[in-house]
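One letter stands for each residue in the lines below.
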Amino acid sequence: MPVARRFANTALKLLYRYTHGPGQRHNERLWPHVSVGRDAQGHVAGYAYRRRPLPLANASVARGASSGTGHIIACGPSINEIDYGRLSLTNVMGVNGAIALLDRYALRFDYYCFNDTGFVRARPELVRRIVGQDLLLFTTPLCLWHVLQRMPPEALRCRLFLIENPQRRALLPARTMAQVRRDHPDGELAVFDPDRALGFSRDIRKGVFDVGTVAYTGLQVMAWLGFSEIVLHGVDLCNAATAARFYESPADRLPTTLDQYLPGHILPSFTRAAALLRESGVRIVNLSPGGALSGGMFHQQDWRTLAGG
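The rules behind the values
Residues numbered from 1 in each chain as written. Predicted model: local features only at pLDDT ≥ 70, side-chain atom pairs only at ≥ 80, totals over all residues. Heavy atoms only, no water. Pairing = 2+ DSSP bridges. Helix = DSSP H or I, 4+ residues; strand = E, 2+ residues; numbered from the N terminus. Buried < 20%, exposed > 50% of the residue type's maximum accessible area, 1.4 Å probe, protein only. Arc of directions from axis to C-beta. Contact = heavy atoms within 4.5 Å. Phe/Tyr/Trp six-rings, centres within 6.5 Å; stacked < 30°, edge-to-face > 60°. Axes fitted to C-alpha atoms, helices over the stretch in contact; angles between N-to-C directions. Parallel < 35°, antiparallel > 145°, perpendicular 65-115°, else oblique. Left-handed = near helix turned anticlockwise from the far one by under 90°. Nonpolar A, V, L, I, M, F, W, Y, C, P; charged D, E, K, R; others polar.

Participant: Lay out the sheet that holds strand 8 (residues 159–162) in plain terms, naming residues and giving numbers.
Facilitator: A sheet is described by the order of its strands in space; here eight strands give the open sequence 8-7-6-5-4-11-12-13, paired in parallel fashion. Of all strands in the sheet, those bounded by a partner on one side alone are strand 8 and strand 13 (299–300).

Participant: Can you explain helix 3 (residues 124–131)? Please cite residues and give values.
Facilitator: Among the residues making up helix 3, those that are buried are L126, V127, I130 and V131. Axial view of helix 3: buried residues confined to an arc of 130°, hence all on one face. Here the buried face of helix 3 lies against strand 6 (111–113), helix 2 (117–122), strand 7 (136–139) and helix 4 (141–150).

Participant: I'd like to hear about the packing of aromatic side chains, residue by residue, with values.
Facilitator: Applying the stated criterion across every chain, the model contains nine aromatic pairs. Ring geometry for Y84 against Y105: centres 5.7 Å apart, planes inclined by 65°, an arrangement best described as edge-to-face. Of this pair, Y84 sits in the loop between strand 4 (69–73) and strand 5 (92–95) while Y105 sits in the loop between strand 5 and strand 6, placing them 21 residues apart in sequence. Each ring, one from Y111 and one from F227, has its centre 6.2 Å from the other, and the planes form 75°; the classification is edge-to-face.

Participant: If you had to explain the packing of helix 6 (residues 214–225) against helix 7 (residues 258–279) to someone new, which residues and values would you point to?
Facilitator: Running from amino to carboxyl end, helix 6 crosses helix 7 at an angle of 10°, the nearest separation of the two axes being 11 Å. Between helix 6 and helix 7, the crossing angle belongs to the class labelled roughly parallel. In the crossing of helix 6 with helix 7, the sense of the turn from one axis to the other is left-handed. Residues A215, Y216, L219 and A223 of helix 6 form the contact with helix 7, whose own contacting residues are S269, F270, A273 and L277. Taken together, the residues that form the contact of helix 6 with helix 7 break down as seven nonpolar, one polar and no charged.

Structure, rendered in structure tokens:
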């Protein structure tokens, strides 16, 4: 990002903090160049950057529009053990740096998800590849702002579906978990632990819970889309502080907070979500041997079974 733009963004952020209360702090980057339109139910319906509207798929993609098996490809090192040249996958969602698999395999991503601004800032070359694909990208208004700081709107060849945290909705005041629970029944947002803001979204238009890994966000999206079986690739979630992502080398490895959030946020959320989804007839398959997700709620499977052998 150019130095002048960084300076201007910092100045605007400081001005925003001076003129707005702490309940609006999560909007400091969006102001004043982003506007977000909402429909009668409060769902995100429009997004404009510097007064230029960007088309969204929020109104055209329906809950339960898909069926069958969907795949979430994350970035754990176990990805290196999978030969995607032997697999013919459909309904594939990539998260964060999974796009780097295209350097090795002719893989098609139908969906994509990232909601970590740190990923956008640290890996702009991967983000540019993602948004240049013909796919449906699920991301947040803030992540989209960061993308547009680094490339022009013309670089976005993907379709956009904007999601947001139910406590910190774009350009609206922050809500407590008690307010979220009051405003949304379990059929929309199932709250597991209000003190730690853990839950599972049954309707991603109402919000998506972020527990420290984008794979969990992707799980909520894929379940909302209607897949009855969701296969997790590379969701290892163990030894993250020392094990590089599949596309990283020791020299360019980025830090991670996975180990920090694993016991108190990530594992409880995945376990409760798996039980909730099983009640709805949704099966979660885990391809990561020795990964953190184990037990009866997660069906352990070797990747070779997807190739019929």
